[in-house]
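# Architecture and fold: a report
The lines below spell out each chain.
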Amino acid sequence: MDFLRPASWEEALAAKAEHPTAVPIAGGTDVMVEINFDHRRPEYLLDLTRIGDLYEWEAGEHSVRLGASVPYTRIMENLRTELPGLALASHTVASPQIRNRGGVGGNLGTASPAGDAHPALLAAGAEVEAESVRGTRRIPIDAFYTGVKRNALAADELIRAVHINKADGPQQFSKVGTRNAMVIAVCAFGLALHPETRTVRTGIGSAAPTPIRATAAEEFLNAALDEDGLWDSGRIITPSVAKQFAELCAAACNPIDDVRGTARYRRHAVGVMARRTLMWTWESYRGNARTMEGAA
Amino acid sequence: MRVNFTVNGRPQQADDVWEGESLLYVLRERLGLPGSKNACEQGECGSCTVRLDGVPVCSCLVAAGQAEGREIVTVEGLAEHARQRAGGEDACGTSLDEARRWSPRGPGSQSDEGSTSPRATLAPLQQAFIDAGAVQCGFCTPGLLVAADEMLERNPNPTDADIREALSGNLCRCTGYEKIMDAVRLAAARQGEEA
Ligand SMILES: Cc1cc2nc3c(=O)[nH]c(=O)nc-3n(C[C@H](O)[C@H](O)[C@H](O)COP(=O)(O)OP(=O)(O)OC[C@H]3O[C@@H](n4cnc5c(N)ncnc54)[C@H](O)[C@@H]3O)c2cc1C
Ligand code: FES
Ligand code: FES
């Protein structure tokens, strides 16, 4: 095994081009487990922890460019306002020690259906900035997950950053597990209201071969909110609309039975989380709308 | 490969390190510092917790090469680290030899053969663990000490929720955690009295 230690992003890209089988290692919280248990014996490890750029983020007008290696701890501490869904999801990852090392770039690299960043990214809307010596491209998050633990990166590409839309409305993240800390999701759900475009977006984790959006549910809800003029009136969402939204979210799942839970349980739990997160976010939207009226 | 880094305030070098080796392995097997424990090697138990450039991490998940040029504090250097933080005496770190011979009995106490180093004393948190009865088999203790000490550095007046959160990555199979909570509360209270 060789340990490649690029000091800059350009060097990292050059190394990845020269050794396409090299395994990047950032926080190591996925890679080292595989090496410790001899599940993986890469020819080259490509250490990314010396590249300062990957640990930085910039908030632009509409999106945050989040460096691939920014640890979850930083996201929780610093980006709660801009990226509330991702900040909530980050807080549910493992433990403080793991959150101090692991980040979204590694979560995307592993592309596990259980990765907690994914539902939040799908709901907020995001693009993965992938780069190689050939150039840079932006991969829409909806096109990034290509199969169980597979993603759209080419062999010579690295993730430089993720561009995540700044929240323009309330966001929520919900996760089912057997306890609060150190738990892989049985299933997870992210929801973001986008008042500017009058749309709702979802993200579902651990309930299909890849992280997915419940697009039929989104379309149904967008139409229902529009029809009843709810974005303007700020009235409550009727229980029947919420119920149908929840059912459509459950129907979007394609889960399996495994040690963490049965397919049936997962479908049920996704429906419950969909309804709850919709209620929480909508209450918060209505609250904001009322405060704004009060101030006007 | 060779790894150069700072361990407990002193520059160290480890040779013949395998590229896929963990920092935990280097500390225990190459530097002879067995304080950091190896239980799960998958980040679940926290018994291998050390500070890497000040930040608590599972050393079993840090590749040895990633520690190059970085500063590590292990449980063996905790007493010295706490002393420095309190503004005490010279900041010369803990040598490997001192760390290897570390004993919970401080200087001047009767230890077998008087082999304790003159500098080996307990960090206030270590004393609190003993006083509160928070150590049973002791396997989880080093990781808990490193994690809890870092929290007290950041947050001198933690709530119970803060303590639980900070220690949520450390498993203990013996104590049921209540005595550990007591110990951290005790250390926080003593820290407050001194300040
Ligand atoms: C005890 C424990 C509990 C965990 N709990 C959770 C949990 O609750 N939720 C959750 O989502 N995850 C969990 N994980 C998994 C892991 O912490 C996350 O997936 C984390 O986001 C990985 O980030 P990392 O920087 O450590 O990745 P690494 O292990 O360094 O890398 C992961 C993968 O991404 C690739 N990679 C990393 N950076 C890049 C890049 N810039 N470009 C291209 N590829 C890259 C690597 O080659 C590798 O394939 C847990 C892990 C452990 C050990
Ligand atoms: S040995 Fe590292 S977390 Fe268990
Ligand atoms: S005292 Fe035995 S594991 Fe904690």
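Residues numbered from 1 in each chain as written. Chains lettered and ligands numbered in written order. Predicted model: local features only at pLDDT ≥ 70, side-chain atom pairs only at ≥ 80, totals over all residues. Heavy atoms only, no water.

### Details of the overall build of chain B
Which entries qualify depends on this criterion: Helix and strand definitions here come from DSSP, where helices need a minimum of 4 consecutive H or I residues and strands a minimum of 2 consecutive E residues; each element is numbered from the N-terminal end. Only protein chains enter the accessibility calculation, which uses a 1.4 Å probe; a residue whose area is less than 20% of its type maximum is buried, one above 50% is exposed, and one in between is partly exposed. Working rule for contacts: check all heavy atoms of both residues, and any pair within 4.5 Å makes them a contact. Under the convention used here, a 1.4 Å probe and the Shrake-Rupley method define accessible areas, while residue burial counts only the protein chains that appear.
Across its full length, chain B carries 7 helices and 5 strands. When the helices and strands of chain B are read in sequence order from the N terminus, they spell out β-β-α-β-β-β-α-α-α-α-α-α. Every one of the 195 residues in chain B was classed for burial, and the buried ones make up 52%. Counted over contacts in chain B with a minimum sequence separation of 6, partners at least 24 positions apart contribute 54%. Total accessible area computed for chain B in this model is approximately 8600 Å², and 47% of it derives from carbon and sulfur atoms.

### Topic: the domain arrangement of chain A
To keep it simple, the criterion reads: Segmentation of the chain into domains, including their bounds, is taken from an automatic or database domain assignment.
For chain A, the assigned domains are domain 1 (1-47) and domain 2 (171-295). Just the C-alpha atoms count here: the centres of domain 1 of chain A and domain 2 of chain A sit 37 Å apart.

### Comments concerning the interface of chain B and chain A
Put simply, the rule is: Computed with a 1.4 Å rolling probe, the buried area is the accessible surface lost when two parts are put together, summed over both parts. Every case where a carboxyl oxygen of Asp or Glu lies within 4 Å of a side-chain nitrogen of Lys or Arg is listed as a salt bridge. Definition of a polar contact: a pair of N or O atoms within 3.5 Å, with one able to donate and the other able to accept a hydrogen when the atoms are protein atoms, and with sequence-neighbouring residues admitted only if both atoms are side-chain atoms. Just so you know the grouping, Ala, Val, Leu, Ile, Met, Phe, Trp, Tyr, Cys and Pro go in nonpolar, Asp, Glu, Lys and Arg go in charged, and all remaining residues, Gly too, go in polar.
Taken residue by residue, the interface counts 33 residues in chain B and 30 residues in chain A. Summed over the three residues of chain B that lose the most area to chain A, namely E19, L61 and Q66 of chain B, the buried surface amounts to 24% of that side. Linking chain B to chain A there are 2 salt bridges. Across the pair R99 of chain A and E165 of chain B runs a salt bridge, and its minimum N-O distance is 2.7 Å. Taken together, the connections running from chain B to chain A amount to 14 residue pairs in polar contact (both at pLDDT 80 or more). Among the secondary structure elements, those contributing two or more residues to the side of chain B that touches chain A are β3 (49-52), β4 (55-58) and α6 (160-166) of chain B. Residue contributions to the side of chain B that touches chain A peak at 4 residues, all from β4 of chain B. Along the lines of polarity and charge, the residues of the side of chain B that touches chain A split into 15 nonpolar, 11 polar and 7 charged.

### Comments concerning the sheet that holds β4 of chain B
Residues and elements named next belong to chain B. Note the threshold: Whether two strands pair depends on DSSP finding at least two bridges between them. Throughout, an axis means a line fitted to C-alpha atoms (over the contacting stretch in the case of helices), and angles, computed between N-to-C directions, take values from 0 to 180 degrees.
Within the open sheet, the 5 strands sit side by side as β2-β1-β5-β3-β4. Their pairing is mixed. With one partner strand each, in any of the chains shown, β2 (10-14) and β4 form the two edges of the open sheet. Taking each pair of neighbouring strands and ignoring which way they run, the sheet shows an average axis angle of 40°. Two strands pair when backbone bridges link them, and β3 and β4 are joined in this way by 4 bridges, in the antiparallel orientation. Pairing of T49 across the sheet is with C58, part of β4. Across the sheet, helix α5 (residues 141-154) is in contact with β3 and β4; its angle to β3 comes to roughly 45°.

### Structural notes on the sheet that holds strand β2 (residues 23-25) of chain A
Residue and element names in this part refer to chain A. The strand order across the open sheet formed by 3 strands is β1-β3-β2, and the pairing between neighbours is parallel. Two strands close off the open sheet at either side, each with one partner strand: β1 (2-4) and β2. Taking the axes of each pair of neighbouring strands and ignoring which way they run, one obtains an average angle of 30° across the sheet. Of the strand pairs in this sheet, β1 and strand β3 (residues 44-47) are connected by 3 bridges, and their pairing is parallel. Its bridge partner lying in β3, D2 is registered against Y44.

### Here we look at the UniProt feature "domain: FAD-binding PCMH-type" (unreviewed entry) in chain A
Quick note on the threshold: UniProt positions are given in the numbering used here, feature names are shortened, and annotations may be inferred rather than shown by experiment.
When the UniProt feature table is mapped onto this chain numbering, "domain: FAD-binding PCMH-type" (unreviewed entry) sits at residues 1-169 of chain A. Note that residues 1-169 of chain A is 30% helix and 26% strand, and that its end C-alpha atoms are spaced 48 Å apart.

### Things to note about the pattern of salt bridges
Residue and element names in this part refer to chain A. This model, assessed by the stated rule, comprises 32 salt bridges over all chains. The salt bridge involving E129 is made with R65; its shortest N-O contact spans 2.9 Å. Pair noted here: E129 is in strand β6 (residues 126-132) and R65 is in strand β5 (residues 63-67), with a separation of 64 residues, a long-range link. Residue E129 is classed as buried on the basis of its relative accessible area, which comes to 8%. Close ionic contact of E77 with R74 constitutes a salt bridge, the shortest N to O distance being 3.1 Å. Within this pair, E77 and its partner R74 are both found in helix α3 (residues 72-78), separated by 3 residues, close to a single helical turn. One salt-bridge network, held together by shared partners, links D142, R201, R213 and E218.

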